[in-house]
Amino acid sequence: MLTEPIIIESGRSARRYWSDLWQYRELFYCLAWRDILVRYKQTVLGIAWSVLRPLATMVVFTLIFGRLAKMSSGQSPYAIMVFAGLLPWQFFSNAFSDASNSLLNSASLLTKVYFPRVIVPATSVLVSLIDFIISFLLLLFMMVFFRFTPDWKIIFVPFLLIWVFAFTLGCGLLISALTVKYRDFRHVVPFLIQFGLYISPVGFSSAVIPEKWKLLYFTNPMAGIVDSFRYAILNEPLFWPGVGFSFAVSIVMLLLGFKYFRMVESSFADQI
Amino acid sequence: MSNEIIKVEALAKKYLLQHQQKESYQTFRDSLMQGIRSGLKRTRKMFQNNLSSSSQEEFWALRDIEFSLSPGDRLGIIGRNGAGKSTLLKILSRIVEPTVGRITLRGRVASLLEVGTGFHPELTGRENIFLNGAILGMTRAEIKRKFDEIVAFSETEKFLDTPVKRYSSGMYVRLAFAVAAHLEPEILVVDEVLAVGDSQFQKKCLSKMESISGEGRTILFVSHNMEAVRKLCTKALVLSGGKQMALTSSVESSIDMYLSAGSEPNTAGTWKNSKELDNNSLIHVNSLMIGDSCGNPITSVVRNNDDIWIYVDFYLNSYDPALQVGYGIYGQDDSLLYWTCHTDMPELSWPKAVTGRNVFRSKIPGRLLNEGRYRVDLLVALYNREWIFQPGIGVATISCEILGGLCDSPYWSVRRPGHLAPVLSWENF
């Protein structure tokens, strides 16, 4: 035989993990492609849903926080301020909720074929990128509409996207693996997302947070991520210690999620 | 030996059966509470020098499995339900981890534990071919190359752009198997996929598998279809209760072992007249029995190529020329195959009925009935006068199961439809 032998032993999947992952990259594309294809089958509005959802949220936030509560948005229009925050938030919330259920939804796959299980939640996160890109195009349209010129820092957006991707993947891996064993997390996730929306500066600017609470506020990595997006798109001032803190928490989350996932991965088929 | 493609050493798989009454799965609270409780218990036990407490029960789905295969071997894995066959395949295809032991595989493994794994109902046939292929481990280029072949095999050209949820179940299965059949792994693991589809499709699958193995690939094949195992496999592994009963290169003897040893004694093959059901002054039937040629009752599954005998043991108070003793035989769906009685032949060759005890027997020749379960009802009557035992109403009844030994023809590998499967001769005219 040309190939190196595969050895199956208890607790011994680790060695070939990365080469396996590389070998199964095509499956990764295929599953992502499937999810995208299936997403809007048998819907009337189709892809328009990806436009309508962020747009509607933006309108509601602008009316409530901007018009009724009369909160400040700095020099930029309130709608654009909200939308710049919605961009990473919607990505996170969509990807996170999809990923958390992803393993359960593909139970039939997990019990019938072998492949690195990481692919399943990772696919959910990847597919949410489509919505992100659509929303980003929408933002560009809005900028034209409001005659708003973005700062040159907008070129940082791809790097920030990698950040939010990594953080979301970490959360998704952790929760999806936990959901396999404890179905409680199916109920926890919608609550977490709702809760997260209130404590993250999505509908308002983080400038309203009192100075002494700021560092604590940034333990929520989404606060750092949302603010960084606003920094890149709207050139809003950035609270650097907070962002650094958020970044560190995100990295820990990614490592933790991945580590836990790897630890319990081999027992998925027995438990699902 | 270095040319072993699969080597399994001391393999075992343990499951923990959790004793919970209400929830079918563990909630987070449960496991927290259990953690606290078992922690407390453990500390308590520690003082009592006893650490083995658990609310869980161990269950060994597999134990001490040991075998190795060379390239080109075709291993049939047989055993009753729950013998551990599927667990073994799942471990081999890396879906679940073994608890103990080790497997060395030298080659790409493709497992076919279910037809149509990962098919998405909303996607079209074309899309599903690519998706399913990727799931089974084919590359996109590979699928593209074989696409036409797959479509031709599945006979679904016309519906390629229809979502598979609109497919008939037959089309669905054909498409799914077509993808799987075009895998080119060194090791192919197949679980009972032939159980689906009509017999024509089963035949097609089987011949495809034969041609795959002809190319020197190693196949592991689980089936309840003994004919398929016999035709396809070069070795057979018998599992029983998670243990390895035998691994032989004589498939025939393994099958025999499975058919006879595995089954519990079948008392349905004998009926004894315990309730004096025949209230007449003429005849008393003692028993009705299925036996071999020596008169021993048959307690196991019967092979189709064996002759079986129906024995009727009765006592005559006085001789009556109108007496008819026989039986009616029924298929599983209660349909009558035929009636027969001892007076069917010319009068001179009837068995003699005498006053006192009589035992009549009649042979059912091998390879007349098909595989399956049959019911035999006692028939006793006085010709044109009255029924003493009427068949078909389930009074005096026995049953037997026929499995294996269908035919020696290379083209007759699976159970044919029909109650009978006689092997009839053909000749030139």
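Residues numbered from 1 in each chain as written. Chains lettered and ligands numbered in written order. Predicted model: local features only at pLDDT ≥ 70, side-chain atom pairs only at ≥ 80, totals over all residues.

Right, let's talk about the overall build of chain A for a bit. Per the secondary structure count, chain A includes twelve helices and one strand. Listed by position from the N terminus, the elements making up chain A come as β-α-α-α-α-α-α-α-α-α-α-α-α. Against the globule reference of 19 Å for 272 residues, chain A gives a C-alpha radius of gyration of 20 Å, in line with a compact fold. Principal-axis analysis of the C-alpha atoms gives chain A an extent of 65 × 45 × 40 Å. When each of the 272 residues of chain A is scored for burial, the buried share is 43%. Pairs at least 24 residues apart make up 80% of the contacts formed inside chain A by residues separated by at least 6 positions. (Helix = DSSP H or I, 4+ residues; strand = E, 2+ residues; numbered from the N terminus. Rg over C-alpha atoms; globule rule 2.2 N^0.38 Å. Buried ≥ 20, exposed ≤ 12 C-beta atoms within 10 Å, placed from the backbone. Contact = placed C-beta atoms within 7 Å.)

Tallying the contact residues gives 37 residues for chain B and 28 residues for chain A. Relative to strand β4 (residues 100–105) of chain B, strand β1 (residues 6–9) of chain A runs antiparallel, the two being bridged by four bridges. From the neighbouring strand, I7 of chain A faces β4 of chain B, where its bridge partner is T104 of chain B. (Pairing = 2+ DSSP bridges.)

Phi is positive for R94 of chain B, which is not a glycine, with a value near 65 degrees. As for its position among the elements, R94 of chain B is in the loop between α2 (85–92) and β4.

Let us now look at the nonpolar core. Counting residues in hydrophobic clusters, the biggest one holds 173 residues, and the most contacted among them are F221 and V229 of chain B. Considering every element that reaches this core, the biggest residue donor is helix α4 (residues 78–105) of chain A, with 16 residues. (Core = buried A, V, L, I, M, F, W, Y, C linked by C-beta atoms within 7 Å.)

Let us now look at the confidence of the model for chain B. Residues and elements named next belong to chain B. Across chain B, the average pLDDT comes to 81, with 88% of residues at 70 or higher. Across residues 49–54 the pLDDT falls below 50, and counting only partners more than four positions away or on other chains, this stretch makes five contacts in the model. What the predictor reports for the complex is a pTM of 0.72 with an ipTM of 0.81. (pLDDT = per-residue confidence, 0-100.)

This next bit is on helix α5 (residues 169–181) of chain B. All names here are of chain B. The end-to-end C-alpha distance of α5, which contains 13 residues, comes to 18 Å, matching closely the 18 Å that a straight helix rising 1.5 Å per residue would cover. Burial of α5 is extensive: ten of the 13 residues sit out of reach of the surface. Its buried side turned inward, α5 meets β5 (109–112), α3 (125–135), α4 (140–154) and α6 (199–214). (Expected span 1.5 Å × (residues − 1).)

Looking now at the packing of α4 of chain B against α5 of chain B. Residue and element names in this part refer to chain B. One can describe the packing of α4 onto α5 by two numbers: an axis separation of 8 Å at closest approach and a directional angle of 140 degrees. One element, α4, and the other, α5, form an angle in the oblique class. When you trace α4 past α5, the crossing you get is right-handed. In this structure, α4 uses I150, F153 and S154 to contact α5, whose residues at the interface are R174, L175, A178, V179 and A181. Of the residues contributing to the contact of α4 with α5, the split by class is six nonpolar, one polar and one charged. (Axes fitted to C-alpha atoms, helices over the stretch in contact; angles between N-to-C directions. Parallel < 35°, antiparallel > 145°, perpendicular 65-115°, else oblique. Left-handed = near helix turned anticlockwise from the far one by under 90°. Nonpolar A, V, L, I, M, F, W, Y, C, P; charged D, E, K, R; others polar.)

Turning next to the sheet that holds strand β15 (residues 356–364) of chain B. All names here are of chain B. Taken in spatial order, the four strands of this open sheet run β10-β11-β12-β15, and their pairing is antiparallel. Looking at the sheet topology across the chains shown, the edges are occupied by β10 (270–272) and β15. Neighbour-to-neighbour, the strand axes of this sheet turn through a mean angle of 15 degrees, independent of strand direction. Two strands pair when backbone bridges link them, and strand β11 (residues 283–291) and strand β12 (residues 308–316) are joined in this way by eight bridges, in the antiparallel orientation. Bridging across to β12, L288 finds its partner in V312.

Next up on the list: the confidence of the model for chain A. Any residue range with low pLDDT should be treated as having predicted coordinates unsuitable for detailed reading. Residue-level pLDDT values for chain A average 88, and 97% of them are 70 or greater. Between the elements of chain A, mean pLDDT differs from a low of 79, seen in β1 of chain A, to a high of 94, seen in helix α7 (residues 157–181) of chain A.

Turning next to the pairing of strand β13 (residues 323–330) of chain B. The buried fraction of β13 of chain B is high, at seven of eight residues. Counted between consecutive antiparallel strands, the loop separating β13 of chain B from strand β14 (residues 336–341) of chain B contains five residues, among which D334 of chain B sits at a positive phi close to 70 degrees.

Within the element layout of this structure, S399 of chain B appears in strand β18 (residues 397–402). Taking the number of C-beta atoms within 10 Å as the measure of exposure, S399 of chain B has 17 and is therefore partly exposed.

Here we come to the packing of α7 of chain A against helix α11 (residues 240–264) of chain A. All names here are of chain A. Two elements in contact, α7 and α11, have axes separated by 7 Å at closest approach and are oriented at 35 degrees. For α7 against α11, the interelement crossing comes out left-handed. Packed against α7, whose contacting residues are W163, A166, F167, L169, G170, C171, L173, L174 and A177, the element α11 presents S250, M253, L254, L256, G257, F258, Y260, F261 and V264 at the interface. The residue inventory of the contact of α7 with α11, partitioned by class, reads 15 nonpolar, three polar and no charged.

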